[in-house]
Amino acid sequence: MEIKSLDSTLRARIAAGEVIERPQSVARELIDNAIDAGADEITLSIRGGGIDELMLTDNGKGISREDLPLAVTQYATSKISKLDDLYHLKSMGFRGEALHSVAAVSKLTIASSWKGQQPWTYVVDNTREISLTPQGPDRGTVVKVEDLFSEIPARRSFLKRPASEGTLCRNVLLSKAMPFENIHFTFIQDGAIRSDLPKRGTLYDRVLDIFCEDEAFNRKEFVYMEREFGDFRIRIVTSLAGIRRSDRSRIKVYVNNRAVEEFSLVQAVCYGYGETLPGGSFPYTALFIDDNPELVDFNIHPAKKEVKLRNKAAIHHEIHSLISSSLPRQIPGIAARKRDEDSQPYLAPSAAQTQTSFISPSYVADRIKYDGSRSYQEAEKAGAVCEKPADSEWLEKAKKLFRQQDEKQYEKTQLKADDFWQTESRHFRYIGQAFRLFLICEKDSCLYLVDQHAAHERILFNELKEQKDVQQLLIPVDFEVDSDVDAFLCENAYIYTQYGINIAQKDEKLWTLSSIPHSARENEKRIVSYIQSAIGSEEEIEAGLYAIVACKAAIKAGDIIDDYTANALLEKVFELEDPVCPHGRTFVIRLSEAELREMVGRTK
Ligand SMILES: Nc1ncnc2c1ncn2[C@@H]1O[C@H](COP(=O)(O)OP(=O)(O)OP(=O)(O)O)[C@@H](O)[C@H]1O
Ligand SMILES: [Mg+2]
C-alpha cells in the first residue's frame, strides 16, 4: 500500500502553512479575533520581531473555560453555524482555523475571563495540549504566541530579520486599525510603545492619525467624501493634488472593514483623479466600501485578502465618479477653450469653490451630497450654496410664476422637437443661473430655461457620435481585467471597435487599448475603466460608453458656472436641431413673453 493517512500533527501543520506565514499573519488573526470579541482596547506587544514572542491583549467578551480547548480545534468557530451564514457575514473571522493553525506552529497560551467568572489559562505547545489552569486576566483575553516555527526550521529560515518582521507586525496593526476609529490600538515593540492610536470621533481623524504616523502631513490637505447607494456605501479619505507619491502603495481599499488587495478598485481611485495628478503619481487614499454581505464573498483566500464582489462594476463606477466629481476639476470642452485663450490655468468657479471648501470633512460631505434634488433654500441653509444667482429678485418672481402654473400649462410650455427653433435669430441675452441647474436667457421675446447638465451632455454626445475620426494612441494603454470581463472581451471586443476603440488581448486578463475616438481623447482613462467593468449587450455597452464620456464629463447639476461658460454652452444649445438629451428627455423650457404676460393678467 502506498497511500496512507497523514497523522494529525502533520495535517495541522500543512493546514497552518496556508494561514500562518510569519509573525505578521499571527498578529492579523489575533487582532481580528479581538475585534470580533467587541473589544475597544487592543494592544499588540512583540519581542524579537514577534518570532520570540507576540502577545495580544483585549478587553472583549472573553472565552469560557469549556470553550478554551475548543477554540484551538480545527473548524471550531462561534461566528457561523450554517452555510447560509457565509452570505451574511458581519465578523472578521469565520473559518475556525486561525487559533488551530497558530497552535500547530508555536507555543500558544490563551488566558481569558468570561462574564466576570474565574479566568482560565490554556496552553498548547505545537499541537500538544499542556495545561488548563485557573488563572488569567479579570477581563477580556490575552493570547501569547512563543517561538514561532521552532519545530519547523525550514519555515523559520524564510523569516526576515526581527526588525523587518517587527515592522510588518506594526503595519498590520495600522492597517487593521484604519476602519475602526472607535477602538484604541497600541503597538509595543521590545517594551517601547511604537504606535498609539487613541479612539477618535471620526474616520477621517483615524485615517489621518495613521497617514501621519510616518510623514508629517498638513491635515487640511486631505478630504473626506461619502455617498450611499442602494446596496453599498462608499467613504473615502484622500489627499488633494499637492500630496502624492510615485507608487500606489498608499491607496488602501477596505471592503466591509477588511483590507483587500483589489487592483481594479485601486485603479478606480486613480481614474477618479484623472488629470488632476501628474502622470505617474498617486494619492494617499483610504477607501471604505460597506457592501451588502450577500453580495460579498471572502471565502476565497485563506487569509481573506481577496474578495469577490457581485456588484463590482457599479462600485467601480461610483468610486470613479465620486472622486472625479468632488475634487477640483476642469470642465472639458468649454472650459478648455477659455483656458487656451487666456493661456492661464483655469478652474471652473464650482471647482475653485470646492477647493476652498475642503476645510472640514463634514462640510465637504454635505457639499457632495448636494445633488440638485434639494431646494435652493434647503441647500443654502445647509451651507451647500455659497453664491446666489445674480438676479435674485427676478428669480423670486420667476419662482412664483412656476408655482402658479398648473400641470397642463407646464406641459404646454415644454418644447416639442418639431417646432422648437422657429426663430431666425441666434442672438440671446444670458440672464443668470437658477438652482445651480438652469441657465436662464432671453431670446426673441421668449424666456429659456436650459438644464445645464443635460445640455452639456447632449453636446458632448453629439461630438462623440458625429466625429468618426479615430485617434491612435502614441503609447497604448495596458490594463488588467478580472476573469469575467476577460471572457466577455474575448467574445465581444468588436463592440468597442465599432466606436473606434481598438482593444486587443495581450495575455490572459491583460488587454491593451490602441485607439479611441477623437472626440473622447481626454477620456481614455474613463474608457479603460469602463471596459474593465462592463459586461452586457451591445446596446448596453453603447449606452454605457456614451454615458461615461458624455454624462460623466458634463457640467453637473449643482455646479455654479461662470458667464463665459454659460454663454458658450447656450450658443451650442441654440445650434442644436432638437434639444433632447441622450436619455430622451427635453432639457429646455421656453416661456413666451405673451404667456408670461397672460399669467400676470396683462393682455397688452
Ligand atoms: N480574543 C478573543 N476573544 C473572544 N473569543 C475569541 C478570541 N479569540 C478567539 N475566540 C474564540 O475562538 C474561536 C476560534 O478562533 P479562530 O480565530 O480560530 O476562528 P474564527 O475567528 O472563528 O475564524 P477564522 O479562522 O476565520 O479566524 C472564535 O470563533 C471565538 O469564538
Ligand atoms: Mg479568527
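Structural data are supplied above this passage.
Bear in mind that the values here come from a model prediction, so they are computed numbers and not experimental data. Each residue is numbered by its place in its chain's sequence as written, counting from 1. Chains carry letters from A onward and ligands carry numbers from 1 onward, assigned in written order. In keeping with the model being predicted, local features are shown solely for residues with a pLDDT of at least 70 and side-chain atom pairs are shown and tallied solely at 80 or more, while totals for entire chains, interfaces and linings include all residues.

**Re the overall build of the protein chain**
Turning to step 1, where the next piece is worked out: Secondary structure is summarised from DSSP: a helix means a run of H or I of at least four residues, a strand means a run of E of at least two, and numbering begins at the N terminus for each. For the protein chain, the count of helices and strands is 21 helices and 22 strands.
Turning to step 2, where the next piece is worked out: Relative to its full complement of 604 residues, the protein chain shows a buried share of 38%.
Turning to step 3, where the next piece is worked out: Note on contacts: residues are paired as contacts if their backbone-placed C-beta atoms lie within 7 Å. The long-range share in the protein chain, meaning contacts at least 24 apart out of those at least 6 apart in sequence, stands at 67%. We call a residue exposed when 12 or fewer other C-beta atoms sit within 10 Å of its C-beta, buried when the count reaches 20 or more, and partly exposed for counts in between; the C-beta positions come from the backbone.

**Considering the nonpolar core**
Turning to step 1, where the next piece is worked out: Membership of the largest hydrophobic core comes to 86 residues, with the highest contact counts inside it found for Ala27, Ile31, Val102, Leu173, Val207, Leu287 and Ile319.
Turning to step 2, where the next piece is worked out: Each domain's extent was defined by an automatic or database domain assignment. Looking at this core, you find at least three residues from each of domain 1 (8-192) and domain 2 (203-326).
Turning to step 3, where the next piece is worked out: Aside from chain neighbours lying at most four places away, what touches Val207 is Met178, Val237 and Ala286.
Turning to step 4, where the next piece is worked out: The term nonpolar core refers to a group of buried residues, namely Ala, Val, Leu, Ile, Met, Phe, Trp, Tyr and Cys, whose C-beta atoms join them within 7 Å. Within the second largest apolar cluster, 25 residues are counted, among which are Ile431, Cys441, Ile459 and Ala554.

**Re the environment of Phe94**
Turning to step 1, where the next piece is worked out: Residue placement: Phe94 occurs in the loop between helix 3 (67-71) and helix 4 (98-104).
Turning to step 2, where the next piece is worked out: The sequence separation of Phe94 and Ser81 amounts to 13 residues, and the corresponding C-alpha distance is 9.3 Å.

**A closer look at the site of ligand 1**
Turning to step 1, where the next piece is worked out: The immediate surroundings of ligand 1 are formed by 24 residues, with Asn33, Ala37, Thr77, Gly93 and Ala98 found nearest.
Turning to step 2, where the next piece is worked out: Secondary structure elements with two or more residues in the shell around ligand 1: helix 2 (23-36) and helix 4.
Turning to step 3, where the next piece is worked out: Each residue gets one of three labels, nonpolar for Ala, Val, Leu, Ile, Met, Phe, Trp, Tyr, Cys and Pro, charged for Asp, Glu, Lys and Arg, and polar for the others, Gly among them. Class assignment for the residues of the shell around ligand 1 results in eight nonpolar, nine polar and seven charged. Here is the check we use: build the C-beta atom from the backbone, and if it is within 6 Å of the molecule or strand, call the residue near.

**Section: the packing of helix 8 (residues 263-273) against helix 18 (residues 524-533)**
Turning to step 1, where the next piece is worked out: Here helix 8 crosses helix 18 at 155 degrees, and the two axes come no closer than 10 Å. In terms of axis orientation, helix 8 runs roughly antiparallel to helix 18. Regarding helix 8 and helix 18, the two cross each other, and that crossing is left-handed. Along its contact with helix 8, which presents Ser264, Gln267, Ala268 and Tyr271, the element helix 18 presents Lys525, Arg526, Ser529 and Gln532. Interaxial angles span 0 to 180 degrees and are taken between N-to-C directions of axes, which are lines fitted to C-alpha atoms, for helices over the stretch in contact. Here is the rule for angles: anything less than 35 degrees is roughly parallel, anything more than 145 is roughly antiparallel, 65 through 115 is roughly perpendicular, and the remaining ranges are oblique. The crossing is said to be left-handed when, going from far helix to near helix, the turn is anticlockwise and less than a right angle, and right-handed when the turn is clockwise.

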